[in-house]
Amino acid sequence: RLHDVSVTFPAGTSTLILAPPGHGKTSMLQVIAGIISATSGQVLYNGKEAKDMEARVNRITGYVGQDDVHMPQLTVRETFMFAAENANVSAGLPDTEVVRKYTEERVELLLRVLGLTNCADTIVGNDVIRGVSGGEKRRVSIGEQLVTNARVILLDQYSTGLDASTTIDITRSLTAWAHITGGTVIA
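Just so you know, these numbers come straight off a predicted model, no measurement behind them.

## Quick notes on the pattern of salt bridges
Then, in step 1: Enumeration according to the criterion identifies five salt bridges in this entry.
Then, in step 2: Where Asp121 meets Arg77, a salt bridge forms, and the shortest distance between an N and an O atom there is 2.4 Å. On the criterion of sequence distance, the pair formed by Asp121 in the loop between α4 (97–113) and α5 (134–146) and Arg77 in helix α3 (residues 76–90) is long-range, its members being 44 residues apart.
Then, in step 3: Residue class for Asp121 comes out exposed when judged on its relative accessible area of 58%.
Then, in step 4: For Arg77, a relative accessible area of 25% gives the class partly exposed.
Then, in step 5: The residue Arg100 makes a salt bridge to Glu97 at a minimum N-O spacing of 3.0 Å. Separated by three residues within a single helix, Arg100 and Glu97 lie in helix α4, roughly one turn from each other.
Then, in step 6: Each of the salt bridges in this network shares a partner with another, and the network as a whole consists of Arg77, Glu108 and Asp121.

Here is the structure:
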């Protein structure tokens, strides 16, 4: 449970939340993402209360949980395309050639930014089906959220199971995304 918490996460920034286990980091991220409700207090997005924006909160936030859950038989590129196309539908964008071309370009850019071009056509896999490595799978989880129209990316324990080099690469990519797009990263 969270008590007496007041924080602001400005656009274009990355914030790392550090605390011992059981101190509410996951709860805070899930409240911001609209996954669970705050029992008291308020969550504001650009000065508007979350309860007044209920239908839009899941479109402006992207939550990356501790577990990487994917459709194992899709390739990395197909996973990103699926996430992007579904985000476009929920945003009310028409299914036109222009939107498809933009989506493909966005997917290709993210594959490069996240260092996934070498495995873009490899299936993601799972515990039973061999696919990309654990570090690549973590990048896929993050990329699924970045390819949508989310403005706030929330990452719960995103470095678990990753080596230091991979964690640094992902952190740099997320920081660059926040600065370039004016989005907000909270990890």
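## Brief notes about the environment of Leu44
Then, in step 1: Assignment of secondary structure puts Leu44 in strand β2 (residues 44–45).
Then, in step 2: Linking Leu44 and Ile32, residues twelve residues apart in sequence, is a C-alpha distance of 8.7 Å.

## Re unusual backbone geometry
Then, in step 1: Phi at Gln157 takes a positive value of approximately 55°, unusual for a residue other than glycine.
Then, in step 2: Within the secondary structure layout, Gln157 lies in the loop between β5 (152–155) and α6 (164–181).

## Notes on the nonpolar core
Then, in step 1: Counting 30 residues, the largest nonpolar core has Val76, Phe80, Leu116, Ile142, Leu146, Leu155 and Leu174 as its most contacted members.
Then, in step 2: Of all the elements in the fold, those that place two or more residues in this core are α3, α4, α5, β5 and α6.
Then, in step 3: It is α3 that provides the largest number of residues to this core, a total of five residues.
Then, in step 4: Setting aside residues no more than four positions away along its own chain, Leu155 makes contact with Leu29, Val64, Ile142, Leu174, Val185, Ile186 and Ala187.

## A few points about the environment of Ile142
Then, in step 1: With respect to the element layout, Ile142 can be found in helix α5.
Then, in step 2: The residues contacting Ile142, other than those within four sequence positions of it, are Val64, Leu155, Tyr158, Ile170 and Leu174.

## What about α5?
Then, in step 1: The end-to-end C-alpha distance of α5, which contains 13 residues, comes to 19 Å, matching closely the 18 Å that a straight helix rising 1.5 Å per residue would cover.
Then, in step 2: Burial runs high along α5: eleven of the 13 residues are buried.

## Considerations on the packing of α5 against α6
Then, in step 1: Here α5 crosses α6 at 10°, and the two axes come no closer than 11 Å. As summarised for this structure, α5 and α6 are arranged roughly parallel, according to the angle between their axes. Side by side, α5 and α6 meet where Gly135, Arg139, Ile142 and Leu146 of the first sit next to Thr166, Asp169, Ile170, Leu174 and Trp177 of the second.
Then, in step 2: Looking at the contact of α5 with α6, its residues break down into five nonpolar, two polar and two charged.

## Regarding helix α1 (residues 25–33)
Then, in step 1: Counting buried positions over the nine residues of α1 gives seven, a clear majority of the element.
Then, in step 2: Along α1, the residues that are buried comprise Lys25, Met28, Leu29, Gln30, Val31, Ile32 and Ala33.
Then, in step 3: Immediately downstream of α1, the backbone of Gly34 shows phi near 80°, a positive value.

## With respect to the sheet that holds strand β1 (residues 14–15)
Then, in step 1: The four strands lie next to each other as β1-β6-β5-β4, forming an open sheet whose pairing is parallel. One side of each edge strand has no neighbouring strand; the edge strands of this open sheet are β1 and β4 (61–64).
Then, in step 2: Sheet topology note: the β1/strand β6 (residues 184–186) ladder contains two bridges and is parallel. Note on β6: the bridge partner recorded for Thr15 is Ile186.
Then, in step 3: Most of the contacts of α1 go to β4, to which it runs at about 150°, and overall it touches β4, β5 and β6.
Then, in step 4: Along the sheet face, α5 touches β4 and β5 and points at about 170° away from the line of β4.

Conventions and cut-offs
- Residues numbered from 1 in each chain as written.
- Predicted model: local features only at pLDDT ≥ 70, side-chain atom pairs only at ≥ 80, totals over all residues.
- Heavy atoms only, no water.
- Salt bridge = Lys/Arg side-chain N within 4 Å of Asp/Glu carboxyl O.
- Helix = DSSP H or I, 4+ residues; strand = E, 2+ residues; numbered from the N terminus.
- Buried < 20%, exposed > 50% of the residue type's maximum accessible area, 1.4 Å probe, protein only.
- Core = buried A, V, L, I, M, F, W, Y, C linked by side-chain atoms within 4.5 Å.
- Contact = heavy atoms within 4.5 Å.
- Expected span 1.5 Å × (residues − 1).
- Axes fitted to C-alpha atoms, helices over the stretch in contact; angles between N-to-C directions.
- Parallel < 35°, antiparallel > 145°, perpendicular 65-115°, else oblique.
- Nonpolar A, V, L, I, M, F, W, Y, C, P; charged D, E, K, R; others polar.
- Pairing = 2+ DSSP bridges.

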